[in-house]
Structures are given as C-alpha cells and as structure tokens.
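Here is what each chain is made of, one letter per residue.
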Amino acid sequence: MSTIKNINILRNDNHTINLVSFYSEGPPNDNALNLSQNKELLLSKAKKYFNKISLYTPNKLYKLGLGKYVKEYEKTGLVTRNKGMSKIGFCAWKPKIMLLELKNMKDGDILIYRDMNIKKYPVLGNYNNIRNLVLKILDIVKFDFFVPRESKFLELKHLTKSNVIRELGDSHQFTYNFPNIFCGLLTIVRKSKVSIQLLKKWEISCLNERWINGEKYGKLHNKFKWSCPEQSILGVIIANWIRKKIHNIPKHYPLLGFRDRNIYKLYWYDKNKDYEYLNLL
C-alpha cells in the first residue's frame with residue numbers, strides 16, 4: 001500500500017461540490033435513534049466547504065411520499081452490527097437521496113455523501129480541504145463514482161447475505177471474493193449518465209426485500225459474518241460492472257482506501273499484491 005501524502009493541490013476551483021447526508025430524529029418523528037445533535041455539528045464543520053448542504057430525515061422522506069425507502073422492520077436479523085438500521089429501512093434511502101440531489105445539479109457537478117454521526121465517530125467531522133481531496137480522488141480513480149475499499153481482508157462473502165450474491169451477482173466466485181466497499185465513509189458522485197445509471201441500479205436493488213432486509217434466504221457462505229445491507233448490494237453491483245466491463249469501469253476499481261477511517265489518510269492498494277481476486281475473472 002502506498003500512502004498519498006500530498007492532497008493540497010493548487011487548483012482554479014470553479015467546481016460545484018455539494019454534500020448530502022441523513023440522520024434520524026427519534027420519537028415522535030421516527031423510531032430510530034435521535035441523532036439530531038449531529039446536525040449543527042455537521043453544519044458548523046462543513047458549511048464553508050460546499051456550495052450546498054442537504055440533510056434528509058425519515059420524516060422528510062415520508063412527507064415527500066418516499067416512505068418505502070425508510071420502511072420500519074420488526075427484525076434486524078443478520079444485520080447484527082447495526083440493529084438500528086431496521087428502523088430506517090436498512091438504509092435503502094441512501095442512493096435515493098443522492099439521486100434527489102443530483103436531479104437539480106448539472107452534468108459534471110460533484111456530490112458527496114458521508115454518514116453524520118459525528119458525536120460517535122469524530123473522524124466524520126473533518127472537512128478541511130475536502131474539495132481538493134475529492135478532485136484528487138476522481139483524478140486517480142478515473143471514474144465518475146467512487147467508494148473506498150474498506151480493508152485488505154474483508155470481502156463481499158463476509159458481509160453480504162449470500163442470496164444477494166447468488167441472485168444479483170450470478171453466484172460468481174469473483175463477486176464472493178470482491179473487496180468490501182465502505183459507502184458511509186465517503187461516496188463521491190460526479191454527475192454523468194454513467195453515475196446516474198449506477199445509482200439507479202443501486203436504488204432499485206435496495207427496494208428488493210430479499211436483498212435489503214435482515215432475513216436469511218437459503219444457505220450462508222461459510223465465511224459470512226454479518227450483513228451490511230445497502231453497502232453490500234452496492235458492492236455486488238460494482239463487482240458485476242467490473243466483471244462485465246460495463247462503461248469501462250477500471251479493473252482495479254476502487255483502487256483506494258483510507259487508514260483508520262480517516263479520509264485524509266488516503267492510500268492505494270498494490271496492484272501486484274492486493275488483487276488476487278482478479279484471477280477469477
């Protein structure tokens with residue numbers, strides 16, 4: 001792994017870069033955790049770096065007639081590491097709120113998504129030099145959609161319900177062994193036909209009950225640990241795109257990750273050592 005040390009690139013920055021995020025408010029607006037205290041924290045730390053910041057809640061989506069994206073489930077099932085997800089639709093809203101924001105943006109404009117539980121994870125509150133970082137990442141990745149690789153060791157078979165890989169990923173060994181991605185830490189979308197197509201596929205897939213909920217359908221892979229619902233679905237879609245060479249997505253996508261979940265500790269994976277799964281193509 002090679003750490004990228006210099007992201008302070010001088011640019012004539014005329015780019016429109018917006019931020020979107022989501023938080024639950026707790027009763028009476030929803031039955032999830034009350035994370036409202038993070039709203040002002042986020043705005044105070046991020047507002048000077050973006051052209052626009054949009055924040056969604058379950059209540060806001062219900063008022064927009066989009067309640068199916070935050071459907072409340074009784075059981076958390078296989079989503080054992082974040083049981084609160086069952087109260088907010090297992091995060092099926094994530095691609096939808098990005099699409100809602102991109103609808104009012106121009107081609108070439110950039111939207112980023114980050115989780116916003118800053119009180120629990122202070123690293124999510126660092127936005128210093130975020131614009132240069134985002135532009136640098138897009139330069140490196142050479143694609144209009146970016147999510148980081150989570151680690152050297154976690155693969156889709158570990159954190160994806162196996163029926164999702166069987167049904168959405170054609171039960172391909174490449175997909176089982178594809179690296180886990182981490183969409184909550186930093187997702188970057190440069191608006192284009194390609195990125196919109198990917199988001200729409202993700203949106204539709206997150207509305208598939210068998211894929212998004214915590215229920216078990218059939219046998220689990222013997223290396224399965226727990227489900228990361230919307231994130232796992234995105235990982236399978238990206239693996240499909242690489243396997244099928246859709247829109248010339250780079251074979252080594254996503255190339256980059258972050259140390260200690262800190263987006264300013266950016267590194268890329270060694271193409272000679274960290275891509276054994278490509279032999280399964």
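The rules behind these values
Residues numbered from 1 in each chain as written. Predicted model: local features only at pLDDT ≥ 70, side-chain atom pairs only at ≥ 80, totals over all residues. Heavy atoms only, no water. Helix = DSSP H or I, 4+ residues; strand = E, 2+ residues; numbered from the N terminus. Buried < 20%, exposed > 50% of the residue type's maximum accessible area, 1.4 Å probe, protein only. Phe/Tyr/Trp six-rings, centres within 6.5 Å; stacked < 30°, edge-to-face > 60°. Axes fitted to C-alpha atoms, helices over the stretch in contact; angles between N-to-C directions. Parallel < 35°, antiparallel > 145°, perpendicular 65-115°, else oblique. Left-handed = near helix turned anticlockwise from the far one by under 90°. Contact = heavy atoms within 4.5 Å. Nonpolar A, V, L, I, M, F, W, Y, C, P; charged D, E, K, R; others polar. Pairing = 2+ DSSP bridges. Right-handed = clockwise from strand over helix to strand, strands pointing away.

Overview of the side chain of Asn262
Turning to step 1, where the next piece is worked out: Assignment of secondary structure puts Asn262 in the loop between strand E7 (256-258) and strand E8 (266-268).
Turning to step 2, where the next piece is worked out: For Asn262, a relative accessible area of 18% translates into the label buried.

Some words on the packing of aromatic side chains
Turning to step 1, where the next piece is worked out: Across all of its chains, the model carries 11 aromatic pairs by this definition.
Turning to step 2, where the next piece is worked out: The interplanar angle of 80 degrees and the centroid separation of 5.8 Å between the aromatic rings of Phe50 and Tyr127 together place this pair among those described as edge-to-face. You can see Phe50 sitting in the loop between helix H1 (37-46) and strand E3 (52-56) and its partner Tyr127 sitting in the loop between strand E4 (110-113) and helix H4 (130-141), a full 77 residues away along the chain. Summarising the burial analysis for this pair, Phe50 and Tyr127 share the class buried.
Turning to step 3, where the next piece is worked out: Consider the rings of Trp93 and Tyr113, whose centres lie 6.3 Å apart with planes at 55 degrees: the pair is tilted. You can see Trp93 sitting in helix H3 (residues 93-102) and its partner Tyr113 sitting in strand E4, a full 20 residues away along the chain. Judged on exposure class, the residue Trp93 and its partner Tyr113 are both buried.
Turning to step 4, where the next piece is worked out: Chaining the aromatic ring pairs together yields one cluster made of Phe174, Phe178, Tyr275 and Tyr277.

What about the packing of helix H8 (residues 193-206) against helix H10 (residues 229-244)?
Turning to step 1, where the next piece is worked out: H10 packs onto H8 with a crossing angle of 130 degrees between their chain directions and a minimal axis gap of 10 Å. By the angle between their directions, the pair H8 and H10 is classed as oblique. Pair H8 / H10 crosses with right-handed handedness. When H8 is examined against H10, the residues Val194, Gln197, Leu198, Lys201, Trp202, Ser205 and Cys206 are found in contact with a partner set consisting of Glu230, Ile233, Leu234, Ile237 and Trp241.
Turning to step 2, where the next piece is worked out: A class-by-class count of the residues in the contact of H8 with H10 yields eight nonpolar, two polar and two charged.

As for unusual backbone geometry
Turning to step 1, where the next piece is worked out: Pro27 connects to Pro28 through a cis peptide bond whose omega is 5 degrees.
Turning to step 2, where the next piece is worked out: If you trace the backbone, Pro28 turns up in the loop between strand E2 (17-22) and H1.
Turning to step 3, where the next piece is worked out: Looking along the chain, the bond that leaves Tyr253 and enters Pro254 is cis, with omega of 5 degrees.
Turning to step 4, where the next piece is worked out: Mapping Pro254 onto the fold places it in the loop between H10 and E7.
Turning to step 5, where the next piece is worked out: One non-glycine residue with positive phi stands out, namely Phe90, at about 55 degrees.

Comments concerning the packing of H3 against H8
Turning to step 1, where the next piece is worked out: One can describe the packing of H3 onto H8 by two numbers: an axis separation of 8 Å at closest approach and a directional angle of 140 degrees. Considering their axes alone, H3 and H8 lie oblique with respect to each other. Here H3 and H8 pass one another in a crossing that is left-handed. Where H3 approaches H8, its residues Lys94, Pro95, Lys96, Met98, Leu99 and Leu102 are matched on the opposing element by Ile196, Leu199, Lys200, Trp202, Glu203 and Cys206.
Turning to step 2, where the next piece is worked out: Class assignment for the residues of the contact of H3 with H8 results in eight nonpolar, no polar and four charged.

Description of the pairing of E2
Turning to step 1, where the next piece is worked out: In terms of residue burial, E2 counts as a mostly covered element, since six of its six residues are buried.
Turning to step 2, where the next piece is worked out: Residue alternation in E2 divides its side chains into two sets, Ile17, Leu19 and Ser21 and Asn18, Val20 and Phe22, and both sets are buried.
Turning to step 3, where the next piece is worked out: Direction of pairing for E2 relative to E4: parallel, over a ladder of four bridges. Each residue of the ladder has a partner; that of Asn18, found in E4, is Leu111.
Turning to step 4, where the next piece is worked out: In terms of strand pairing, E2 meets E3 through five bridges, oriented parallel. The partner of Asn18 across the bridge, within E3, is Lys52.
Turning to step 5, where the next piece is worked out: Where the polypeptide runs from E2 across H1 and back to E3, its parallel neighbour, the crossover connection is right-handed.

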